[in-house]
Amino acid sequence: MPLVKLRPPSEQELQLKGQGEERPGPPLLFKHHTLHTLHSWDPSAQHLRSADHSKKSRMSMIQEYLGQLTLQLGGGEDTYPTVVPDPNFDPDKDAARIETAIKTKGVDEQTIIDVLTKRTYNQRREIAFAYERRAKKDMISALKGALSGSLETVILGLMKSTAQYDASEIRASIKGLGTDEESLIEIVCSRSKAELMEIKKVYKELFKKDLEKDVCGDTSGDFAKLLLALVEAKRTEPSSVVDHQKIDEDARALFEAGVKRKGTDVKCWISIMSERSIPHLQKVFERYKSYSPYDMQESIRKEVKGDLEMSFLTLVQCFENKQLYFANRLQDAMKSKGAKEKVLTRIMVSRCEVDLKKIRQEFKAHHGKSLYQTIAEHTKGDYQRALLSLCGGDD
């Protein structure tokens, strides 16, 4: 099984944080979702003892940006997290609480939820280091042994960075018999260029395989071509200059490749939708209405079917309003009694440090009830408590 190296944050990463930039932390070392430290990283080593003092000063540097609720992702996307760094973070204290909770007869799940759902990934990683120094065993193994079911899935998901989590979800969707196309489409078609590039890098580290090859090997036809084009991450960066001629050309090309002709020139659709910047495409879809009697989503439904239809629709919905796309996915996952836990867990875990706050707003605006209340109605027990904590409040 894949191993990913665990190391303390570098000075450069901490300086970047001080400048208000969020960078994915270095991966934890996983084996069956288990954290193992490298043999060379010895808690009794002198260099770690000497690092304790500098660690406190580094933590104060991290805290400079704690109040920021809106951060910047690569590609200029704002983030609206519900899980933000704890300003009074003390990894040793948290590690002690986790250790006591795990040792408690019957396991104190509430304390585990309270600590790990209210810390960012980088802070959870610090807790894992502190736990290992303290308990002389890795925290993820201990959590895996103490927890079970849906709560275990959430907590182990939170012990991965967003990119690690996405990479693991993609891998799970394509390995073994059959492919979970719905999960694959949701992740690949909704992530930004910067996110996809990071996922590719982490996928290679975790699984020693190329994401492009795995996606192509497990899908076929135009669906495979579209996913490959997206994973290649060739999308141009947004420009401050609005190219009206190019907008018109692309709108006309989409129309002539689809609604205007018999059959569909899917290659043209893939090229435009995988290579143009998102602000450009938003204007293209507006312009498209002057050529076609149908809007872009209606045209997709008329022209293509199956996984290809779902992929193009996901792309267009995310280009137009990504947070509304996720809000609708959440609503769909909780339409009937109970919930589609796989979808619900994935969105809550993968978006809580990205844009879950805005997803909440879209959910309330379009579905008439808060996400918090809806989760409360469709889930129960420790799983419910963990999700509500990640949700971060009622609207």
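Residues numbered from 1 in each chain as written. Predicted model: local features only at pLDDT ≥ 70, side-chain atom pairs only at ≥ 80, totals over all residues. Heavy atoms only, no water.

*Asks:* Explain the environment of Leu 151 to me, using residue names and the numbers behind them.
*Replies:* By the element assignment, Leu 151 lies in helix α7 (residues 149–158). Residues contacting Leu 151, with those up to four places away along its chain left out, are Glu 109, Ile 113, Asp 382, Tyr 383 and Ala 386. (Helix = DSSP H or I, 4+ residues; strand = E, 2+ residues; numbered from the N terminus. Contact = heavy atoms within 4.5 Å.)

*Asks:* So, helix α15 (residues 278–288): which residues are in play, and what are the values?
*Replies:* Along α15, the residues that are buried comprise His 280, Leu 281, Val 284, Phe 285 and Tyr 288. In a view along the axis of α15, the buried residues occupy a sector of 135°, so they form one face of it. If you follow the buried residues of α15, they end up packed against α13 (244–256), α14 (266–275), α16 (296–303) and α17 (306–333). (Buried < 20%, exposed > 50% of the residue type's maximum accessible area, 1.4 Å probe, protein only. Arc of directions from axis to C-beta.)

*Asks:* Requested: an account of the nonpolar core, with residues and values cited.
*Replies:* Ranked by size, the top nonpolar core spans 53 residues in total, and within it Ile 98, Ile 112, Leu 116, Leu 143 and Met 348 carry the most contacts. Counting 46 residues, the second-largest nonpolar core is a separate cluster that includes Val 202, Phe 255, Val 304 and Leu 313. (Core = buried A, V, L, I, M, F, W, Y, C linked by side-chain atoms within 4.5 Å.)

*Asks:* How would you summarise the packing of helix α18 (residues 341–351) against helix α21 (residues 381–391) if you had to cite specific residues and measurements?
*Replies:* Packed helix pairs are characterised by how far apart their axes lie and by the angle those axes make with each other. For the pair α18 and α21, the least separation of the axes is 10 Å and the interaxial angle reads 35°. In the packing of α18 onto α21, the handedness of the crossing is left-handed. Contact residues: Glu 341, Leu 344, Thr 345, Met 348 and Val 349 in α18; Tyr 383, Leu 387, Leu 390 and Cys 391 in α21. Each residue belonging to the contact of α18 with α21 can be placed in one class, and the counts come to seven nonpolar, one polar and one charged. (Axes fitted to C-alpha atoms, helices over the stretch in contact; angles between N-to-C directions. Left-handed = near helix turned anticlockwise from the far one by under 90°. Nonpolar A, V, L, I, M, F, W, Y, C, P; charged D, E, K, R; others polar.)

*Asks:* Give a detailed account of the packing of α13 against α15, specifying residues and quantitative values.
*Replies:* Following both chains from N to C, one finds α13 and α15 inclined at 60°, their axes separated by 8 Å at the closest point. Taken as axis vectors, α13 and α15 run oblique relative to one another. α13 and α15 meet at a crossing whose hand is right-handed. Facing Lys 246, Ile 247, Asp 248, Asp 250, Ala 251, Leu 254 and Phe 255 of α13, the residues of α15 in contact are His 280, Lys 283, Val 284, Phe 285, Arg 287 and Tyr 288. Here the contact of α13 with α15 is composed, by residue class, of seven nonpolar, one polar and five charged. (Parallel < 35°, antiparallel > 145°, perpendicular 65-115°, else oblique.)

*Asks:* Describe the packing of aromatic side chains, and please don't skip the residues or the numbers.
*Replies:* All told, the structure shown has five aromatic pairs when counted by the stated rule. Taking 5.2 Å as the distance between ring centres and 65° as the angle between the ring planes, the aromatic pair formed by Tyr 325 and Phe 326 counts as edge-to-face. Neither Tyr 325 nor Phe 326 differs from the other in exposure class; each is buried. A cation sits over an aromatic face here: Arg 171 above Phe 207, 5.5 Å from the ring centre. Over the ring of Tyr 294 we find Lys 302; its NZ or CZ atom is 4.5 Å from the centre of that ring. (Phe/Tyr/Trp six-rings, centres within 6.5 Å; stacked < 30°, edge-to-face > 60°. Lys NZ or Arg CZ within 6 Å of the ring centre and 35° of its normal.)

*Asks:* For unusual backbone geometry, give the residues involved together with the corresponding values.
*Replies:* Even without a glycine there, the phi angle at Val 107 is positive, about 65°. Within the secondary structure layout, Val 107 lies in the loop between α3 (91–103) and α4 (109–116). Residue classification places Val 107 among the buried residues on the basis of a relative accessible area of 17%. One non-glycine residue, Ala 233, lies in positive phi territory at about 55°. Inspection of the secondary structure assignment puts Ala 233 in the loop between α12 (221–231) and α13. Residue classification places Ala 233 among the buried residues on the basis of a relative accessible area of 11%.

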